[in-house]
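Coordinates in review
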Amino acid sequence: IYTHREIAKQLNTKFQATFKGHSDTEILLAAFEAWGIDKTLQNINGMFALTLWDKKTRILHCARDRIGKKPLYIGWAKNTLILGSELKALRAHPDFIPQINQTALDNYLQNGYIEAPNCIYENIWHLPPAYKINLNLQSLKAGENLTHKMHSYWSASKTIEKQNLSTQPESTIIKDFNTLLTICVKDRMISDVPLGAFLSGGIDSATITALMQKNHATPIKTYTIGFEDKHYNEAPYAAQIAAHLKTDHHEHICTAQDAINLIPKLPDICDEPFADISTIPTYLVSQFAKNDVTVALSGDGGDEMLGGYTRHTQAPRIWNATQKTPLFLRKIIANTIYHLSKHTHDQHALKLNKAAQILPLRSQEEIYTHLLTEGLNTNYN
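Residues numbered from 1 in each chain as written. Predicted model: local features only at pLDDT ≥ 70, side-chain atom pairs only at ≥ 80, totals over all residues. Heavy atoms only, no water.

On to the overall build of the protein. Scanning the protein from N- to C-terminus turns up 17 helices and 11 strands. Considered along the principal axes of its C-alpha atoms, the protein spans approximately 75 × 55 × 55 Å. A total of 381 residues make up the protein; the buried ones form 34% of that total. In the protein, the proportion of contacts linking residues at least 24 apart, taken out of those at least 6 apart, comes to 58%. Here the protein has roughly 23300 Å² of accessible surface; of this, 55% comes from carbon and sulfur atoms. Counting 38 positive and 37 negative side-chain charges, the protein places the averaged centre of each group 5 Å from the other. (Helix = DSSP H or I, 4+ residues; strand = E, 2+ residues; numbered from the N terminus. Buried < 20%, exposed > 50% of the residue type's maximum accessible area, 1.4 Å probe, protein only. Contact = heavy atoms within 4.5 Å. Areas by Shrake-Rupley, 256 points an atom, 1.4 Å probe, with all protein chains shown as cover. Lys, Arg positive; Asp, Glu negative; His and termini not counted. Charge placed at Lys NZ, Arg CZ, Asp CG, Glu CD.)

Bringing the packing of helix α7 (residues 170-188) against helix α8 (residues 203-214) into the picture now. It is the contact of α7 with α8, at a shortest axis distance of 9 Å, that shows an interaxial angle of 70°. As far as their axial angle goes, α8 and α7 are roughly perpendicular. Between α7 and α8, the residues in contact are L181, T182 and V185 and T207, I208, L211 and M212, respectively. When grouped by side-chain class, the residues that make up the contact of α7 with α8 number 5 nonpolar, 2 polar and no charged. (Axes fitted to C-alpha atoms, helices over the stretch in contact; angles between N-to-C directions. Parallel < 35°, antiparallel > 145°, perpendicular 65-115°, else oblique. Nonpolar A, V, L, I, M, F, W, Y, C, P; charged D, E, K, R; others polar.)

Take the sheet that holds strand β1 (residues 49-54) next. Strand order across the open sheet formed by 4 strands is β1-β2-β6-β7, with antiparallel pairing between neighbours. At either end of the open sheet lies a strand with only one pairing partner, and these are β1 and β7 (150-152). Taking each pair of neighbouring strands and ignoring which way they run, the sheet shows an average axis angle of 20°. The pairing of strand β6 (residues 131-136) with β7 spans 3 bridges and is antiparallel. Looking at the pairing, I133 lines up with M150 of β7. (Pairing = 2+ DSSP bridges.)

This part is about the packing of aromatic side chains. Within the structure shown, the criterion is met by 2 aromatic pairs. Relative to Y121, the ring of F96 has its centre 5.2 Å away and its plane inclined at 85°; by these criteria the two rings are edge-to-face. Taken together, the residues F96 in the loop between α4 (87-91) and α5 (102-111) and Y121 in the loop between α5 and β5 (124-126) connect sequence positions 25 residues apart. Pair check on accessibility: F96 and Y121 agree, each one buried. (Phe/Tyr/Trp six-rings, centres within 6.5 Å; stacked < 30°, edge-to-face > 60°.)

Next up, the structure:
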């Protein structure tokens with residue numbers, strides 16, 4: 001809980017609360033006692049998956065952080081309620097039945113990951129980000145579906161609407177973003193274990209590392225993995241950034257065999273199917289950094305938060321260009337392209353085929369979903 005020190009001050013001022021140590025867990029428990037579940041969840045800022053047993057009301061409360069950094073699985077092993085932050089913990093129960101959830105499997109094959117509250121196993125659910133669940137164990141029926149008991153306690157879209165960003169000048173937004181990002185980085189640097197950063201050579205990780213170094217008296221430990229194939233090797237760029245920022249930089253070149261050796265371990269590492277090849281370099285750099293540090297900051301999430309993927313702007317542009325042509329005519333054009341290019345495999349034909357896949361789509365949303373699932377980031381003119 002990044003804001004636990006501020007919360008401790010508030011609790012001390014208003015309720016004269018005292019603490020034996022500096023643990024965020026101790027402070028969080030005091031906040032629940034003073035404010036209750038709902039107000040505490042609104043006030044805390046951090047990454048967490050938590051469960052709280054209220055012995056007076058005999059209600060079990062579970063909650064997950066706003067963005068979903070920490071997982072929380074809950075469900076049934078026959079008649080026993082089980083929960084944990086990893087599926088490995090649930091599978092360890094002697095009554096657990098590892099039956100595949102077909103809906104979740106369909107979800108995975110379409111999106112490349114399994115979206116909460118679905119889980120790869122039947123009768124197990126993944127609590128969504130910014131959700132809580134309150135379970136009265138006296139009235140809870142063994143084996144019942146728990147999704148209807150899950151409720152959102154925070155909304156990203158509603159929070160954004162309150163900001164009224166469209167009415168603010170760009171310079172103000174940039175200044176405020178810089179201030180907030182600096183605060184976020186400082187909060188995450190509060191640690192009682194060795195701290196470092198993953199530096200890939202890209203804009204996102206370079207920005208985080210720069211802010212870390214700016215707010216740290218000694219050189220930050222940075223970690224990069226490179227690859228033998230120059231087309232995928234960003235290590236030289238990371239080294240240049242590290243030299244500019246004067247960090248304590250560490251670099252490790254991975255071989256193809258390193259990646260091959262890791263693949264059999266991925267199902268155990270990820271718990272659920274997860275079709276993202278970045279899992280391999282992420283694990284390798286984590287393994288490398290673990291030699292020196294316990295906590296590492298990274299630039300993950302920058303593209304999602306700041307619109308770094310081109311499909312966000314491609315979808316409306318493509319729809320505006322194609323909707324003027326009647327659907328039946330777009331289908332004829334698409335079929336014609338398929339027929340003319342089916343025996344051709346050059347780059348021009350491949351681009352035409354990609355365009356033909358989009359022509360029959362009926363809305364901007366369908367185009368966006370297609371770009372998302374197909375991973376097409378080509379500019380269509």
